[in-house]
Amino acid sequence: MAICFLSPLKPITPTVSLTPNLNPKKTNILRCNFSQPIITTTEPEPVFTSVRSFAPATVANLGPGFDFLGCAVDGLGDFVSLRVDPSVHPGELSISDISGTKNLSKNPLKNCAGIAAIATMKMLSIRSVGLSLSLEKGLPLGSGLGSSAASAAAAAVAVNELFGRKLEVKDLVLAGLESEAKVSGYHADNIAPAIMGGFVLIRSYDPLELMSLQFPVEKDLIFVLVSPDFEAPTKKMRAALPAEIGMSHHVWNCSQAGALVASVLQGDLVGLGKALSSDKIVEPKRAPLIPGMEAVKKAALEAGAFGCTISGAGPTAVAVVDSEDRGVEVGERMVEAFWKEGNLKAVAMVRRLDRVGARLVGSVPR
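Residues numbered from 1 in each chain as written. Predicted model: local features only at pLDDT ≥ 70, side-chain atom pairs only at ≥ 80, totals over all residues. Heavy atoms only, no water.

An unreviewed UniProt entry annotates the protein chain as Homoserine kinase of Salix purpurea. The record held by UniProt for the protein chain lists under Sequence similarities (unreviewed entry) the comment "Belongs to the GHMP kinase family. Homoserine kinase subfamily." Comment text from UniProt for the protein chain, heading Catalytic activity (unreviewed entry), reads "L-homoserine + ATP = O-phospho-L-homoserine + ADP + H(+)". (UniProt positions renumbered as here; feature names shortened; annotations may be inferred.)

> Can you lay out empty space enclosed by the protein for me, pointing to particular residues and giving the numbers?
Here the structure, examined in full by the defined rule, presents 1 cavity of 30 Å³ or more. If you go around the largest cavity, the residues you meet are N61, G63, D279, V282, E283, R286, T309, I310 and G312. Elements supplying a minimum of two residues to the lining of the largest cavity: helix 8 (283–286) and strand 11 (307–310). (1 Å grid on protein atoms, 1.4 Å probe; cavity = no way out; pocket = protein on both sides within 12 Å on 5 of 7 lines; lining within 4 Å. Points joined across faces, edges and corners; volume = space filled by probe spheres on them. Helix = DSSP H or I, 4+ residues; strand = E, 2+ residues; numbered from the N terminus.)

> An account of the side chain of S212 is needed here, citing residue identities and associated values.
On the secondary structure map, S212 appears in strand 9 (residues 208–213). Judged by its relative accessible area of 8%, S212 is buried. Within the local environment of S212, its side chain forms a polar contact with the side chain of Q214, the two groups lying 2.8 Å apart. (Buried < 20%, exposed > 50% of the residue type's maximum accessible area, 1.4 Å probe, protein only. Polar contact = N/O pair within 3.5 Å; in protein donor to acceptor, adjacent residues only side chain to side chain.)

> Mind laying out the pattern of salt bridges, listing which residues take part and the relevant values?
Taken as a whole and assessed by the stated rule, the structure comprises 15 salt bridges. Close ionic contact of K297 with E283 constitutes a salt bridge, the shortest N to O distance being 2.8 Å. Of the two residues, K297 sits in helix 9 (residues 293–302) while E283 sits in helix 8, which places them 14 residues apart along the sequence. By the burial criterion, K297 is buried, and E283 matches it. (Salt bridge = Lys/Arg side-chain N within 4 Å of Asp/Glu carboxyl O.)

> A description of the packing of helix 1 (residues 112–124) against helix 2 (residues 147–162) should follow, citing residues and the corresponding values.
Contact geometry for helix 1 and helix 2: axes closest at 7 Å, N-to-C directions at 30°. In this view, helix 1 runs roughly parallel relative to helix 2, as classed from their interaxial angle. Remark: the crossing between helix 1 and helix 2 carries right-handed chirality. On helix 2, the residues that touch C112, A113, A116, A117, T120, M121 and L124 of helix 1 are S148, S151, A152, A155, A156, V159 and N160. By residue class, the composition of the contact of helix 1 with helix 2 is 10 nonpolar, 4 polar and no charged. (Axes fitted to C-alpha atoms, helices over the stretch in contact; angles between N-to-C directions. Parallel < 35°, antiparallel > 145°, perpendicular 65-115°, else oblique. Left-handed = near helix turned anticlockwise from the far one by under 90°. Contact = heavy atoms within 4.5 Å. Nonpolar A, V, L, I, M, F, W, Y, C, P; charged D, E, K, R; others polar.)

> Pulling in residues and values, what's your account of the packing of aromatic side chains?
Inspection of the entire model under this criterion finds 3 aromatic pairs. Ring geometry for F199 versus F215: centroids 6.3 Å apart, planes at 35°, classification tilted. Within this pair, whereas F199 is found in strand 8 (residues 199–205), its partner F215 is found in the loop between strand 9 and strand 10 (222–228), the two being separated by 16 residues in sequence. The ring of W252 has K280 sitting right over it, with the charged end atom 4.2 Å from the ring centre. (Phe/Tyr/Trp six-rings, centres within 6.5 Å; stacked < 30°, edge-to-face > 60°. Lys NZ or Arg CZ within 6 Å of the ring centre and 35° of its normal.)

> Describe the pairing of strand 8, with residues and values.
Moving residue by residue along a regular strand, the side chains alternate between the two faces of the sheet. Of all 7 residues making up strand 8, 5 are buried, and the element is well covered by its neighbours. As defined by bridge partners, strand 5 (residues 69–84) adjoins strand 8 across 3 bridges and the pair is classed as antiparallel. Paired with L69 across the bridge in strand 8 is L201. Hairpin connection from strand 8 to strand 9: 2 residues lie between these consecutive antiparallel strands. (Pairing = 2+ DSSP bridges.)

> Explain the confidence of the model for the protein chain to me, and be specific about the residues and the numbers.
Detail in the predicted coordinates should be disregarded across regions flagged by low pLDDT. Per-chain confidence: the protein chain averages 89 in pLDDT, with 89% of residues scoring 70 or above. Here residues 1–39 scores under 50 on pLDDT; set against residues more than four positions off or in separate chains, the count is 82 contacts. (pLDDT = per-residue confidence, 0-100.)

> Lay out the layout of surface pockets with the relevant residues and their values.
A probe as big as a water molecule, rolled over the atoms, marks out the empty space that is left. Taken as a whole, the largest pocket holds about 1000 Å³ of empty space. Around the largest pocket sit 48 residues that line it, and L141, G142, S143, S147 and T234 are the ones nearest its centre. When contributions to the lining of the largest pocket are tallied by element, the ones reaching two or more residues are helix 2, helix 3 (169–183), strand 10 and helix 5 (234–239). Take the lining of the largest pocket: its biggest share by element is 4 residues, from helix 3.

> Got a sec to walk through helix 7 (residues 269–276)? Specific residues and values, please.
Counting buried residues in helix 7 gives 6 out of 8 residues, a clear majority hidden from the surface. When helix 7 is considered as a whole, its buried residues turn out to be L269, G271, L272, G273, A275 and L276. Turning to helix 7, the residues buried within the fold contact strand 8, helix 6 (247–266), strand 11 and strand 12 (317–321). Taking the backbone nitrogen of V270 as reference, a side-chain oxygen 3.2 Å away marks D268 as the first, capping residue of helix 7.

> Residues and numbers for the pairing of strand 7 (residues 131–136), please.
A large share of strand 7 lies buried, amounting to 5 of its 6 residues. Relative to strand 7, strand 5 runs antiparallel, the two being bridged by 6 bridges. Along strand 7, the bridge assignment pairs S81 with S134. Of the pairings in the sheet, the one linking strand 6 (residues 93–99) to strand 7 comprises 6 bridges and is parallel in character. Residue pairing in the sheet places I95 in a bridge with L133 of strand 7. One crossover worth recording links strand 6 to the parallel strand 7 by way of helix 1, and it is left-handed. (Right-handed = clockwise from strand over helix to strand, strands pointing away.)

So this is what it looks like as structure tokens:
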């Protein structure tokens, strides 16, 4: 599946022509004829008094896919509760509570969930009711697991569900991307899989075009996520990247990214892991900034992981295996390596691919 937008700020309605997909392992071909920008002229009525949504953690980059590949991980994420609040001025949003962290602002214009919620309200032309939002952080800040994207995705979905699910997935991605652009930079490799689930390829940023990559449902894919007690600010980790790269590294990373996409579609864990571990541009610059990371990767591979790399900007390390038992063993070796080589305490989690993305998990009808 692919989704097209004319610009980061103005979503468009594409005229879509899909060729029959005779091979379920391949993505559909999408041709977009751009038309008028989407404008919601009729304000919808709320269909619920309150809703509760969830958005999963995400692993961005996946090695050679810097800023254009990401996937969602189950069992970890953020919750947003949203309700119609008569005490809030019509057309406005208030953040009433934030739990799970003490480091986030309740100013909706400075909070990733607030920014995404307001962007979604604008798309729906909400003017007659005020909303109150509560954010439950299940993801630590600066973990490399898409913390800001999870909050933004959950908020966008909550607003959309409260008003009867009028917007499409592409609109929600745009709302979340507006939040990401203000909080952590204009990149969709976290927010897109957080909303869409599964693996997502950002084919283009201008215009924004997203492709959902279907990992075969009959295949097991297990992620080992090991998070050390260490802060790796995204801005600092981006500043470490080279402004220019050599042609040989460009060719190498392109080939590895292509191999990674092919392996996802084929359900080839060996190929996926090999490509995941083969980045020659970003990981070599970031790994030395995370104490013990190089030893952690070596320990994961020696313990039987198919591949290992840095999740997003770090400091979390992600490895790929084919069973939960193997995942537990690999996680233990990675935690040991963080302690022995980096003098860092770490926590290991074994999780599966989240194929659903952000969703409604509770509601109270009017």
